[in-house]
Amino acid sequence: RIERFLQLAARDNIQVAYPTTPAQYFHLLRRQVKRPWRKPLIVMTPKSLLRHPDAVSPMTELATGKFERALPDAAVPAAKAKRVLLCSGKIYYELLRTREDLGEKTTAILRLEQLYPLAEETLELLFAGLPKDLAITWVQEEPRNMGAWPFLRARFGDRLLGRHPFHVVSRAESATPASGAASSHKIEQERLLLAAFDKEPSAHGG
């Protein structure tokens, strides 16, 4: 329930992060120890990333570098992007798989690794090179009234940095975070992932 921590975040009182690689997790914890000051650190760590075959890091990334508050898409540079998906956490790998299955070549998938504090400078660097009016879609698996979307929408409104139309793809608003049935959850997740790429379920075999 990441939205509960984001509701408590104000005036840089806590840190909320959702690292997606082992190197990012390592450098996040290292930063917490090395900093000369202390503030609570909330780390979202779903069990699925512990065994995900794509959530790996070479030793060089562990030995060098630092924690990155946001990660660009190395496969789709900004100059070639016609669609931009912004996400945080494990849904990144599901979006990546869907993009590969669909054969998409012009959809960039960007990651917010630190949700709070979130400086505009971080987004400026992440969106550098994107056309001014290119829409950015936040993708989350939580219902629309949960997850990071309410926090981001309250912070940025309907335009990110005042120049990118800002939308969301998520589950519909709900009183509970999940349907309670694994089969229903799977169908909902498949539809959500396809919606992020503006595709119908039939186009993906769903």
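Fair warning: this is a prediction, and the values are worked out from it, not measured in the lab. (Residues numbered from 1 in each chain as written. Predicted model: local features only at pLDDT ≥ 70, side-chain atom pairs only at ≥ 80, totals over all residues. Heavy atoms only, no water.)

A. Spatial organisation of the confidence of the model for the chain. Per-residue confidence for the chain averages 88 on the pLDDT scale, and 96% of its residues sit at or above 70. Within the chain, the element-level pLDDT minimum falls on helix α7 (residues 182-196), averaging 84, and the maximum on strand β6 (residues 114-116), averaging 96. Under a pLDDT of 50 for its full length, residues 202-206 has, in the predicted model, seven contacts with residues more than four places off or in other chains. (pLDDT = per-residue confidence, 0-100. Helix = DSSP H or I, 4+ residues; strand = E, 2+ residues; numbered from the N terminus. Contact = heavy atoms within 4.5 Å.)

B. Just the nonpolar core, in detail. Ranked by internal contacts, the top residues of the largest apolar core, which has 35 residues, are L86, L112, L123, F127, W138 and L152. Elements with a minimum of two residues in this core: α1 (2-8), β4 (83-87), β5 (107-112), β6, α5 (120-126), β7 (136-143), α6 (149-156) and β9 (164-171). A total of four residues in this core trace back to one element, the largest contributor, which is α6. Of all hydrophobic cores here, the second largest spans 16 residues; its members include A55, L95, I109 and F197. (Core = buried A, V, L, I, M, F, W, Y, C linked by side-chain atoms within 4.5 Å. Buried < 20%, exposed > 50% of the residue type's maximum accessible area, 1.4 Å probe, protein only.)

C. Seen up close, the layout of surface pockets. The volume enclosed by the largest pocket comes to roughly 430 Å³. Around the largest pocket, the lining is made up of 23 residues, and of these R1, Y18, K90, E141 and E142 lie nearest the centre. Elements supplying a minimum of two residues to the lining of the largest pocket: α1 and β7. Sorting elements by how many residues they give to the lining of the largest pocket places β7 first, with five residues. A class-by-class count of the residues in the lining of the largest pocket yields 12 nonpolar, five polar and six charged. Roughly 310 Å³ of volume is contained in the second largest pocket. Taken together, 18 residues form the lining of the second largest pocket, with T21, Q24, E61, L71 and R111 sitting closest to its centre. Where the lining of the second largest pocket is concerned, the elements lending two or more residues are α2 (22-34) and α4 (91-102). A breakdown of the residues in the lining of the second largest pocket according to their chemical character gives seven nonpolar, five polar and six charged. (1 Å grid on protein atoms, 1.4 Å probe; cavity = no way out; pocket = protein on both sides within 12 Å on 5 of 7 lines; lining within 4 Å. Points joined across faces, edges and corners; volume = space filled by probe spheres on them. Nonpolar A, V, L, I, M, F, W, Y, C, P; charged D, E, K, R; others polar.)

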